[in-house]
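Summary of the model geometry
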Amino acid sequence: MAKQKELNENLLKVLKNWQVIEDKSVKSTTEIMGKTKNTLVRLIMEIIRQDSAMHKRVQQLIIDSFEKEAITLTPEELGGIWDMVENHIELEKETVRLAEEARKSSNSFVIRYLLNYLMIDEQKHNRILEQMEDIKAGIYPYA
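What comes next is a walk through the structure. Note that the coordinates shown come from a computational prediction; the quantities given were computed from them, not determined experimentally. (Residues numbered from 1 in each chain as written. Predicted model: local features only at pLDDT ≥ 70, side-chain atom pairs only at ≥ 80, totals over all residues. Heavy atoms only, no water.)

1. Some points on helix H1 (residues 2–35)
Keep this limit in mind: Only DSSP runs of H or I with at least four residues qualify as helices, and only runs of E with at least two residues qualify as strands; both kinds are numbered from the N terminus onward. Multiplying one less than the number of residues by 1.5 Å gives the expected span of a helix. Burial classes follow relative accessibility: with a 1.4 Å probe on protein chains only, a residue under 20% of its type's maximum area counts as buried, one over 50% as exposed, and anything between as partly exposed. Contacts: residue pairs with any heavy atoms within 4.5 Å of one another.
Across its 34 residues, H1 extends 50 Å between first and last C-alpha, which sits within 8% of the 50 Å expected from 1.5 Å per residue. Within H1, burial applies to Leu-12, Leu-15, Gln-19, Glu-22, Ser-25, Thr-29 and Met-33. Where H1 is buried, its residues touch helix H2 (39–67).

2. Some remarks on the packing of helix H5 (residues 109–130) against helix H6 (residues 132–139)
For clarity, the cut-off: To obtain each axis, a line is fitted to C-alpha atoms, and for helices this fit is confined to the stretch in contact; angles are then taken between N-to-C directions over 0 to 180 degrees. Working definition: roughly parallel below 35 degrees, roughly antiparallel above 145 degrees, roughly perpendicular at 65 to 115 degrees, and oblique for all remaining angles. Classes in brief: Ala, Val, Leu, Ile, Met, Phe, Trp, Tyr, Cys and Pro nonpolar; Asp, Glu, Lys and Arg charged; the others, Gly included, polar.
The geometry of H5 relative to H6 is characterised by a closest axis approach of 4 Å and an angle of 5 degrees between their N-to-C directions. Considering their axes alone, H5 and H6 lie roughly parallel with respect to each other. Packed against H5, whose contacting residues are Ile-128, Leu-129 and Glu-130, the element H6 presents Met-132, Glu-133 and Asp-134 at the interface. Split into classes, the residues belonging to the contact of H5 with H6 amount to three nonpolar, no polar and three charged.

3. Quick look at the packing of H1 against H2
Put simply, the rule is: Should the near helix be turned counterclockwise from the far one by less than a right angle, the crossing is left-handed, whereas a clockwise turn marks it as right-handed.
For the pair H1 and H2, interaxial distance at closest approach is 9 Å and the crossing angle is 160 degrees. Classified by the angle their axes make, H1 and H2 are roughly antiparallel. In the crossing of H1 with H2, the sense of the turn from one axis to the other is left-handed. When its residues are assigned to classes, the contact of H1 with H2 shows 14 nonpolar, 10 polar and eight charged.

4. What to know about H2
Here is the rule: Definition of a polar contact: a pair of N or O atoms within 3.5 Å, with one able to donate and the other able to accept a hydrogen when the atoms are protein atoms, and with sequence-neighbouring residues admitted only if both atoms are side-chain atoms.
With 29 residues, H2 should reach 42 Å at 1.5 Å per residue; the first-to-last C-alpha distance of 41 Å fits that figure. Every buried residue of H2 is accounted for by Met-45, Ile-47, Ser-52, Gln-59, Ile-63, Asp-64 and Ser-65. Where H2 is buried, its residues touch H1 and H5. At the N-terminal boundary of H2, the capping side chain belongs to Asn-38, with an oxygen 2.9 Å from the backbone nitrogen of Leu-40.

5. Considerations on a negative patch on the surface
Keep this limit in mind: Residues enter a patch when their relative accessible area is above 30% and they make no salt bridge; the linking distance is 9 Å between like charges and 5 Å between nonpolar side chains (Val, Leu, Ile, Met, Phe, Trp, Tyr). Note on areas: Shrake-Rupley, 1.4 Å probe, and residue coverage restricted to the protein chains presented here. Salt bridges are counted wherever a side-chain nitrogen of Lys or Arg sits within 4 Å of a carboxyl oxygen of Asp or Glu. A positive count includes Lys and Arg, and a negative count includes Asp and Glu. His and the chain ends are not counted in either. One atom stands in for each charge, and that atom is NZ of Lys, CZ of Arg, CG of Asp or CD of Glu.
Among the surface-exposed residues, Asp-83, Glu-86, Glu-133 and Asp-134 lie close enough to one another that they form a single negatively charged patch. Mapped by element, the contributors of at least two residues to the negative patch are helix H4 (82–104) and H6. Along the polypeptide, Asp-83 turns up in helix H4. Using a relative accessible area of 56% as the deciding quantity, one classes Asp-83 as exposed.

6. Details of the nonpolar core
For the record, the criterion: Definition used in this section: a nonpolar core is a set of buried Ala, Val, Leu, Ile, Met, Phe, Trp, Tyr and Cys residues joined via side-chain atoms within 4.5 Å.
Counting five residues, the largest nonpolar core consists of Leu-78, Trp-82, Val-85, Ile-89 and Leu-129. Top element by residues in this core is H4. It accounts for three residues.

7. Things to note about the environment of Ile-48
Examined against the element boundaries, Ile-48 turns out to sit in helix H2. Considering only alpha carbons, one finds Ile-48 and Ser-28, 20 residues apart in sequence, at a separation of 9.9 Å. Once residues within four sequence positions are removed from consideration, Ile-48 is found in contact with Ser-25 and Thr-29.

8. A look at the pattern of salt bridges
This model, assessed by the stated rule, comprises 10 salt bridges. Of the charged contacts, one joins Lys-5 and Glu-9 as a salt bridge, the two residues approaching to 3.9 Å between their closest N and O atoms. In this pair, Lys-5 and Glu-9 are both assigned in helix H1, four residues apart and thus about one turn of the helix distant. Assessed through its relative accessible area of 54%, Lys-5 is described here as exposed. With a closest N to O distance of 2.6 Å, Glu-94 and Arg-97 form a salt bridge. Highlighted residues: Glu-94 and Arg-97, both in helix H4, separated by three residues, approximately one helical turn. Judged by relative accessible area, which is 38%, Arg-97 ranks as partly exposed.

Dropping the structure here:
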């Protein structure tokens, strides 16, 4: 029990330190955007800035789950949306397919770079949705 408390305290410390880094990332990308008019550099910095802001939100949810209220998800809540989640997984698979097709159709290194980013991001969406199956299995142990 004391070991788990120590682990939880360390986790919270790491997450809070990580949040400081994410804040610095937001500030840094904003500063870089202010120093350039290049649309590619600005876009890349905006992507990183938005990801950093989302990372901080996820970290805060984890922190709050220890300090305020545990994260919950009932079988009814998940069951009520599961068909929609499965449909969305199919949409994400299609976007990955389209990104792959578009990337193969381009001769431009910069365009392939951007299409690769899109494909990786769509694959990430697909993975996090498919990993909800693990959550579903934990809620419905006999599913």
